[in-house]
Each structure stands twice: as structure tokens, then as C-alpha cells.
Amino acid sequence: MKRILALLSSPILMGTLLLLLAASMGIATFVENDFGTNAAKALYYNAWWFEGIFLLLGINMFLNLLKPHLWKKEKLAIVLFHFSFVLIVVGAALTRFIGFEGMMHIREGQTSNIFLSSDTFINGEVTSGSETEEFEGHVFMSLKSKDHFSESLKVDGHKVSIKSVDYIPNAELVPVEDENGVPMISLVVSTGNGRNNLNLTKGEGTIVGGYTIGFEYDGESDFNIYIEDDVLYFSSPHSVFSTNMATKERTDIDMDKQQVFYQSVLLGFEDLFIIQTGFFEKASFKAVPSQNKNAPLQAVALDITVDNRTDRIYLTGSKDEIGEYSSKTINGVNVKVRYGAKLLETPFTIKLNEFQLERYPGSDSPSSFASEVTLIDNEKNVTKDFRIFMNNILNYRGYRFYQSSYDTDEKGTVLSVNNDLWGTTVTYIGYALLALFMILSLFSSKSRFQFLLKQITELSKEKKSLMIIGIFLIGGNLVAQDIKDVIVVDKEQAQKFGELWVQDNGGRIKPMNTMSGEILRKLVKHNSYKGYSADQVALSMLIVPEKWAHIPLITVKEDPVRDIVGNEGKKASFAQFFDESGTYKLSDMINEAYRTRPAYRNKLQNELIKIDEQVNVFYLAQSGTLLRIFPDGEDVGIPWITPLTTASEESLGEKASAIKVYYYYINALKNKDTEEADKLISALATYQSNKASSILSSDRMKHLEIFYNKSNIFLMLAPFIFVIGIILLLLQLVFLFLPKNTPKAINITGMYLILICFIVYTAGLAMRWYISGHAPWSNGYESMLYIGWSVLLAGIVFTKQSPMVLSVGSFFSGIVLFVAHLSWMNPEITNLVPVLKSYWLTIHVAIIVGSYGFLSLASLMSLVALLLMGLQKAKGDDKVKIAIKELSYVSELGLTIGLYTLTIGAFLGGVWANESWGRYWGWDPKETWSMVTILIYAFVLHMRMIPGVKNLLWYNVAAVIGFFSVVMTYLGVNYYLAGMHSYAKGDPVPIPSAIYYMVITVFVIVIFAIINQRKLKQL
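Residues numbered from 1 in each chain as written. Predicted model: local features only at pLDDT ≥ 70, side-chain atom pairs only at ≥ 80, totals over all residues. Heavy atoms only, no water.

Draft legend 1. Region of interest: the packing of helix 16 (residues 654-670) against helix 17 (residues 674-692). The N-to-C vectors of helix 16 and helix 17 enclose an angle of 155°; their axes lie 8 Å apart at closest approach. Judged by the inter-axis angle, helix 16 sits roughly antiparallel to helix 17. When the axes of helix 16 and helix 17 are compared, the crossing they make is left-handed. Along its contact with helix 16, which presents Glu 654, Lys 655, Ala 658, Val 661, Tyr 662, Tyr 664, Tyr 665, Ala 668 and Leu 669, the element helix 17 presents Glu 676, Ala 677, Leu 680, Ile 681, Ala 683, Leu 684, Tyr 687 and Lys 691. (Axes fitted to C-alpha atoms, helices over the stretch in contact; angles between N-to-C directions. Helix = DSSP H or I, 4+ residues; strand = E, 2+ residues; numbered from the N terminus. Parallel < 35°, antiparallel > 145°, perpendicular 65-115°, else oblique. Left-handed = near helix turned anticlockwise from the far one by under 90°. Contact = heavy atoms within 4.5 Å.)

Draft legend 2. Expanded view of a nonpolar patch on the surface. A grouping of Ile 961, Phe 964, Phe 1003, Ile 1007 and Ile 1011 is seen on the molecular surface, where their side chains present a nonpolar patch of about 420 Å² in accessible area. Listing elements by their share of the nonpolar patch, those giving two or more residues are helix 26 (952-976) and helix 27 (993-1015). Here the element with the most residues in the nonpolar patch is helix 27; it accounts for three residues. Along the chain, Ile 961 falls in helix 26. We classify Ile 961 as partly exposed; its relative accessible area is 36%. (Patch = residues over 30% accessible without salt bridge, like charges linked within 9 Å, V, L, I, M, F, W, Y side chains within 5 Å. Areas by Shrake-Rupley, 256 points an atom, 1.4 Å probe, with all protein chains shown as cover. Salt bridge = Lys/Arg side-chain N within 4 Å of Asp/Glu carboxyl O. Buried < 20%, exposed > 50% of the residue type's maximum accessible area, 1.4 Å probe, protein only.)

Draft legend 3. Spotlight on the pattern of salt bridges. All told, the structure shown has 19 salt bridges when counted by the stated rule. Between Asp 699 and Lys 702 there is a salt bridge whose closest N-O contact spans 3.8 Å. Within this pair, Asp 699 and its partner Lys 702 are both found in helix 18 (residues 699-711), separated by three residues, close to a single helical turn. With relative accessibility at 48%, the residue Asp 699 sits in the partly exposed group.

Draft legend 4. Broad picture of helix 4 (residues 48-65). Here helix 4 is 18 residues long and its end C-alpha atoms lie 26 Å apart, about the 26 Å a rise of 1.5 Å per residue gives. All buried positions along helix 4 are accounted for by Phe 50, Ile 53, Leu 57, Gly 58, Asn 60, Leu 63, Asn 64 and Leu 65. Looking at the buried side of helix 4, the elements it contacts are helix 1 (2-8), helix 2 (11-35), helix 3 (37-45) and helix 5 (76-97). (Expected span 1.5 Å × (residues − 1).)

Draft legend 5. Representation of the packing of aromatic side chains in the model. Under the criterion given, the structure shown has 33 aromatic pairs. With centroids separated by 5.5 Å and ring planes inclined at 85°, the aromatic side chains of Tyr 211 and Phe 269 adopt a geometry described as edge-to-face. Of the two residues, Tyr 211 is situated in strand 10 (residues 211-215) and Phe 269 in strand 16 (residues 266-269); the sequence distance between them amounts to 58 residues. Per residue, the accessibility class of Tyr 211 equals that of Phe 269, and both read buried. Summarising the aromatic geometry, the rings of Phe 348 and Phe 401 are spaced 5.9 Å apart at their centres and angled 65° between planes, so their arrangement reads as edge-to-face. Taken together, the positions of Phe 348 in strand 22 (residues 343-359) and Phe 401 in strand 26 (residues 399-406) put the pair 53 residues apart, joining distant regions of the chain. With respect to class, Phe 348 is no different from Phe 401; both count as buried. Grouped by ring-pair contacts, the aromatic residues Tyr 44, Tyr 45, Trp 49, Phe 50, Phe 54 and Trp 923 constitute a single cluster. Directly above the aromatic system of Tyr 325 lies the positively charged group of Lys 336, at a separation of 4.7 Å from the ring centroid. (Phe/Tyr/Trp six-rings, centres within 6.5 Å; stacked < 30°, edge-to-face > 60°. Lys NZ or Arg CZ within 6 Å of the ring centre and 35° of its normal.)

Draft legend 6. Looking closely at the environment of Asn 419. Mapped onto the fold, Asn 419 is located in strand 27 (residues 412-419). Taking the C-alpha atoms as reference points, Asn 419 and Tyr 399, separated by 20 residues in sequence, lie 4.7 Å from one another. Contact partners of Asn 419, with chain neighbours within four places excluded, come to Gly 99, Phe 100, Gly 398 and Tyr 399.

Draft legend 7. Examining unusual backbone geometry more closely. Phi at Asp 307 takes a positive value of approximately 60°, unusual for a residue other than glycine. Mapped onto the fold, Asp 307 is located in the loop between strand 18 (298-306) and strand 19 (309-317). Residue class for Asp 307 comes out partly exposed when judged on its relative accessible area of 33%. We note that Asn 331 has phi near 55°; this positive angle belongs to a residue other than glycine. With respect to the secondary-structure elements, Asn 331 resides in the loop between strand 20 (326-330) and strand 21 (333-340).

Draft legend 8. Looking closely at the sheet that holds strand 13 (residues 241-243). Here six strands make up an open sheet; going across it, the order is 8-7-17-16-13-14 and the pairing antiparallel. In the strand order of this sheet, the two ends are held by strand 8 (194-201) and strand 14 (250-252), each with one partner. Pairwise comparison of adjacent strand axes, ignoring direction, gives a mean angle of 35° for this sheet. Relative to strand 14, strand 13 runs antiparallel, the two being bridged by three bridges. Looking at the pairing, Phe 241 lines up with Asp 252 of strand 14. (Pairing = 2+ DSSP bridges.)

Draft legend 9. Expanded view of the sheet that holds strand 5 (residues 150-155). The strand order across the open sheet built from four strands is 5-6-18-19, with neighbouring strands paired in antiparallel fashion. The open sheet has two edge strands, strand 5 and strand 19, and neither has a second partner. Adjacent strand axes in the sheet meet at a mean angle of 25° when their direction is disregarded. In terms of strand pairing, strand 18 meets strand 19 through nine bridges, oriented antiparallel. In the strand pairing of strand 19, Ala 301 is matched with Tyr 314.

On their own, these measurements won't tell you what the molecule is for.
In C-alpha cells, the structure reads:
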């Protein structure tokens, strides 16, 4: 027994389980991406072996917590934060096995207490004689788990087994002959609403285009088919005619006589046409793959065996509906079974009084949506009104209601329903204890964190700090070409144009200067063109569009495209993309590229899409289509219009006069009449102010945004931060191998210069926050900015422990800023989707992305330590040995803070998800990869307890390799895996070739360090 307990509590088992769990989760996200969520749940997340890993890990942790030497006052915080994980696992188990959730659909004015389960089931009953046995199984059907359901039972002496053998995700039902089937007829019916394929069984009727069509239907019908003496006939109260398919001639049919319903004869009345395509005396439906890949119907094939006879039955359904029963009688045993969601009930009712949808001004994008409901509980004598909207839930008697979706006519709501009181409560307690005791453990005198700080202090007594700084100022302007014939306005006049308000397609109202910059960045990837401002370019394109059409602005690098377009250099003009007849030369190639799934597009197709985007941006900019500068009033729901509107002057009202002023303004600029242009632009600004003053930002806000645009603060900072970091790092490495240390004055100077950059960086983030009205980490570009800031912050925090930290932090922060300004990052300030309109955006994302900064810096410190390990010599390397220890200890400090903040942030994200979507954990790829990263770094920090890998070399190797999980969590999931975090998702982009070189470089350094350490017998 002792040996078993020793094994269950061993560090080796802990490390193995952590890595196995991380690997399983990572693989599962790719399975989900390729085969769907059900496949990932069936094969991984809900598999017995996966739950077994969690159980073993919980037992391992619990047994380790029972060790007496841990239960001391100074180690209490460490013990309790580890114990919180046990609580979290217990809470997850309660949620998994006790909790349930679903969707409730209610129309306005209606009341409901029923909802459909989110999970799918196969259930039914088996009857023989007077004996009936029921069965039910929870299933995750997918192409990878199509044979996972099985059921065996006995009824009236018969042995019955039911097993799933096939699954069709996008299915349609077709009739096939079946001796146990029923009469069935196939029809093609056409009305004003389109063409329909029908399969009717005897006694069934259906409505198509307002007409009732039946097959021996008992109710009233417009066209009824019936069988008499094995012959098909039809009857109708309408004047029916037949149509000759070849000549299109019509012949009226005498409906007073019995009429045979011939196959392939087209019949019609009014606007309905009907033709028989097949008749089966005995048939049943068979599910087959549909040509429509978005078909909502799912089909499951079951093999039913009664004694020694097997027959197949097809079930149809989905997670959004309760499937219809299908029956099969075998050897006298009747099996009735269905597939789909299960109907659940609440002990009270919800009445939808009104559904409300708000959109961003002039946009179809929802700003928020809410359900005004009344909760009615007759049992408790409770009636109360409540407003359910995103991040505002109705919580009552253990049930939680969330705003999930709505009907297309905006007269109905879909509420997510969750019942998980015990699981959520226990898990939340675990979250709270985790956050509290993680923080306290950092200050515990016996914690690993404090031990590392003491070790670094001891090392600092053995050496002097080394730091030197150098700065290269990068500058210079583009040499302007002679383009005076297309730049027809001066900076002063363009600046006034840039101060007008404009509304973008997302509904955001912003200065025209912001839109001008967005246009220019799309076209030439810069904020200016040949020394001219974005406002000068955008305004000139409106004044002389015919001249700009011949200016080479659009990048065309691929030879096959250049051959078609006809440009000689890397740039082509808008006019070159069209032939003499006005046909778009790339039309066929562009269409083919868009038809190809993003993940399967080749390099040429990706380039074509970029080119097409530039062509479209140029057209929209020079035509005035983007110039939505005319508000209709204070109503935010009414979109602003452009000068190109075709409405009549009567319907436009005051806007008609404003549009005339715009054209007078353009004409005045064309004629170089600046005095008149000044009056007209002032009149346009006054019109905007008078018509929409309550929805416009202040002039101070407008000028601040223009200043932010022109300063281009983050791109400006990038070379400074990068150059300071790289030079400082190189000099530190050089002086490390020299007897003389770096002068102290240079160390202080460098620190202050980086501090100045950090202050400017912080001011830029604060400015963007103020302008956008939300925390600046809501999309890919903003989160990159925040990562760069947090890396720099981490460098400043740990610079006292090691001088190299600041240089590495500055160097990497500069790289992050450069990456943020690559062409596939969008720097626009945009409106938030409804789910992000929450204080959780500020808290959760700030902590999560901030952790990436500490993890990044820690991994880079380990990489530098490995580089030194590779360069280390046997003698005369005391400084190098000290530096390796120092870097490794600082790396571990950074990993500790990074892991703690990542863990706390991930679990706070679970709380946000519970407030928004009705579950605190749903195995979304982003959630899962956050957990993978937590598990990997938990293993790295516990390696010191595992025999064979508890040395500095393997710690640093693991810290560096572990960073790839951060990259996958942040970039890989966002751009290559599907998930609920789609608001941060971009189109899949080709992996830059530089990434491959970086990976190769990292592994060369790792291998070089391992070989050298073995040579020095340091392992």
C-alpha cells in the first residue's frame, strides 16, 4: 500500500500527468477545428481516460498536501493555493456530472417554462408483448465518434442491442423501397416562393406557398393525391391544367372526372406547378449526404440487432430540436428511437414582454440587445420584471438566464439557460482562494519566490552590475517626387478637411483625418505619401480622381498578376486593372481566390485578395463612397449619407443643401479659390455641429484623436526601444567575457532613457483608451501594443535583479511594436461587439495579456542563459557562471509571476464567460490553450522536484520551449483555429518566413547549450 501511495504522490507522476494533459488538450483543439466540437468532446474532453488524468492529478496533489512538513505557518499560503486547485477540480466534476444547460426560445407576448438541452441524446423504448424497456444515452456524434453509442437490454426473453454505425453531419432524407415501409410519393412543387422537393407519406399533408398538398390527406387541401385500385389519382377544387414539357402548350383538365396522376406530367393551377417524380408502394427514408454543406439536418444510422437478426434505421435531428421517433419491428420486437435535444422544464415561467435591439449609428452591427421579461413563479408566489442583456443575467432558484441570440424579425429572443449552482459555487470558491493565496505566497518567507530573491541578492555580492547604452536615431524623409499635378491642396486646407466628422461602416463617428490615414495605409502602407499628408492625398483624390487613377499606388509583386495588369514596377495604377471596355482584368482569378477556403489559399491567391482590397479601397475613396459626412439629426440609429445619394431633394431636406455645399467646396478647391473653400468647409462643419451635436464628441476629443493619428506614437517608439535594447544586450554580453565591468554612469543613463520611452508608451495607451472609450486591448493590434508595454514593464520591474533584464525587455518590446504594425494587423479604433461591453474586458484581458509580457521576458532570459551555457568555458568563467544563475533565477521569478497572473486571468475569464454565455468553461480553443500554457509552465516550475531534470540547463530549455504555447495561445488560436473569441480573430495569414528562422535559431542555441554542458560535465 505504501508503494502505491508513494507512486500516486510522486513528482514523476505529477510531471507526466501535467504534460499528458497539456498534450491531449492541444491535440483536441485541432481535432475540434477539423471535425467539430462533438469530435473533440467524444474523443478527449468527455472521454473516461481524460477524466481519469484529472482524477489522478487531483489525488497526486491531495496526497502531497497531506505531508506534515508543509503545514507550517510560513508555508500555509503555498499549501492553500495548491489546495484551491483541488476545489476547482471538484467544482468542475460537479458541473460535468450534475449541471446542465440549454436554450429557451420565446416570442414577444408569450410565456414559456421549457427549453432544449444543449447536449444531444439517443433515447427510445423497446417493446415486446406487454413488456417495455426504455433507454437513453448522452452522445457526441461526429465523423470521428459515429460508433460510440451502444445499448444492450433484454425484453420479453429477447436480447436487443443498438449500436451507432454512421453519422452524416449535413444530411437530407431520400425515400428508398422498404418492405416494412409505408406508401410514399415524391413531388417537385414550384410556386412564387421557389422550387421545393417533397416526399409525402400516406395520410400526410403539407403547405407550400400557401397551398395545401396532401397524399390521402383527411383535411382540406388544394391538391390531394389518392390511391384507388393501385392507381394514383388527384383531386383539386381549382382549375387545373397540364403543360406539354416540349411545346409549353397548356390543356385544361376536366376536374369533374376522375383524373389519373401520371408521372412526369406537369400540372398547375394559379401560380403553383406540380410534377410527380416517383411513387413507392412501401418505402422508408434514408439519410444521405446533402449537396448543401450548410444543411442543418443531422443523421445517425443505428444497427438494431434482435436475437440474431440485424436491421438498420436512420434517425434525424440536431442539438436545436427534438428528433422525430423512428420505429423498426424485428422478430416481433418493436424498437422506437430518436436523436436530438431533450426537452427540459423550469419550475417557473418566463414571459417576454419586449425584445430590444440597438445598433451602432448607421450600421447593421448590434451595439446591444436585451429582453424585457417577467418571471412568474406561482409556487413561490413571485412575480418580478427583469431586463436580460449581455453581461446582465437573471439568476433565480439555481437557474441562470443569459441573452444569447434573437429572431431575425427581432420579435423573439433566445435565452441560454444554465443550472449549475453547486459546480459554480465550489469552483468560484476555488478561484477566490487561488487568487488570494497565490498573491500571499509571493510574500511568504518560505516560498520559492522569496528564495530566488535571496539567491539573486547573494549573487549580486559576487559581481558588479553591468550596463551600457547606445542610441542610434533613425530618421529621414521620403524624397518627394514631382506630383504637384495630383496633390492640389495645401496642408492647411487639408487639415480643415481632416477636422470634419465622418461615419465609418461600423457606425463609429470619427475625424476625417482618421479615415484618411486608414485609406492611405491600405494603399501605400504608410501614413504619408511622398511627403504629403493623408488628408492631402484623400482630398486630392476627391478633387481630381481621373488623375489619381493613373498614379501607381497599388502593390503588385507576383509575376502572373503583373503580366495581366501590365505594370512594370512593383506598383500599378487603378486604371491598369481595367481594359478598354471597363472589364476588371483580375475578375476570374479574384473570384476563384474568394471561393477557396482561407486555410487552403495559396500564396498567389492571398496576394490577389490583398490587391483586390486595395483596388476597392481606391475606388471607394476617390468616388466619395466612404464620405458619410451628412447626419440626419440627433438619432443615432439613422445612418449618415454620402454626397453620392440618389434620393430626391424633397426627401433629403437640409441634407440636399449640405451636399450642394460639398460640391461647391470641391469645385472651389479645383479652381484654387481658397477663400471660398474656407467659407464652404466652415459651413459643412457648422451643419454637422447643428444637426448632430448630442452624438458628436467634443472638439477637444477630436483634436486629441487627430494628434494621436499624426504622432504615430507607437511606430515612432519602435526603433528607439529596439535599438536601445539590442545595443545594450550586445554590449552586456561582450563585457561579460571581459575583465572590466561597464561604467555605472552608462547603466543609469540607459535606465532613464528606457524609462522615458516607457512613459511615452504609457501615455500613448492612455490616449488610445480615452479616444476609443474602452481599454486598448480589444483586438489583435491593441493586444500586441499591450504585450509590448507589459514586456517593458517586466524589464523595469526586474532590472534590479539583473541588468540584462532591461535590455532584453527593451529589445523584445521593440520587436513586438514592429510586428504590431505589419500589414496584417489593423490599427483602426473600432466599436466593440456587445459581449466586450463589460468591465471584464479591462480586468480579464489586462491580466491575461499582461502575463504574456512576464512569460515572454522570462523565456528570453532563459534563451540568453542557454546562449551563455553554449559559450561557457571550463576556466575563467566565474562571471559567466554567475550570469547564468542570475538569468535563470530571474527567469523563474518572471515565470512565477507570469504563471500566477495567467492562471488568475484565465479563471477570471471563466467568470466573465459565465456572466456572458452561461458556462465558466466550454473548451473553447482559446480557453483550452490558456490551460495548456498553465499546465506547461506548472511543469516547468515543478521540474526542480523531478529527478533527472532538476538543473538549470533543463529548466531553461523547458522555459524557452514552453513559450511556444504562449505564441499558440495568442496568435495560433486567433488566426488558425475557430472559436468563440472570434472578435479577436483575423483571416489566416501566411506564417512569415522569419518565424521559421527564429525557431531554427532557438533550437540551434538549445542544442549547442546541451552539447557544451555535457562536454563540461555540468549535467
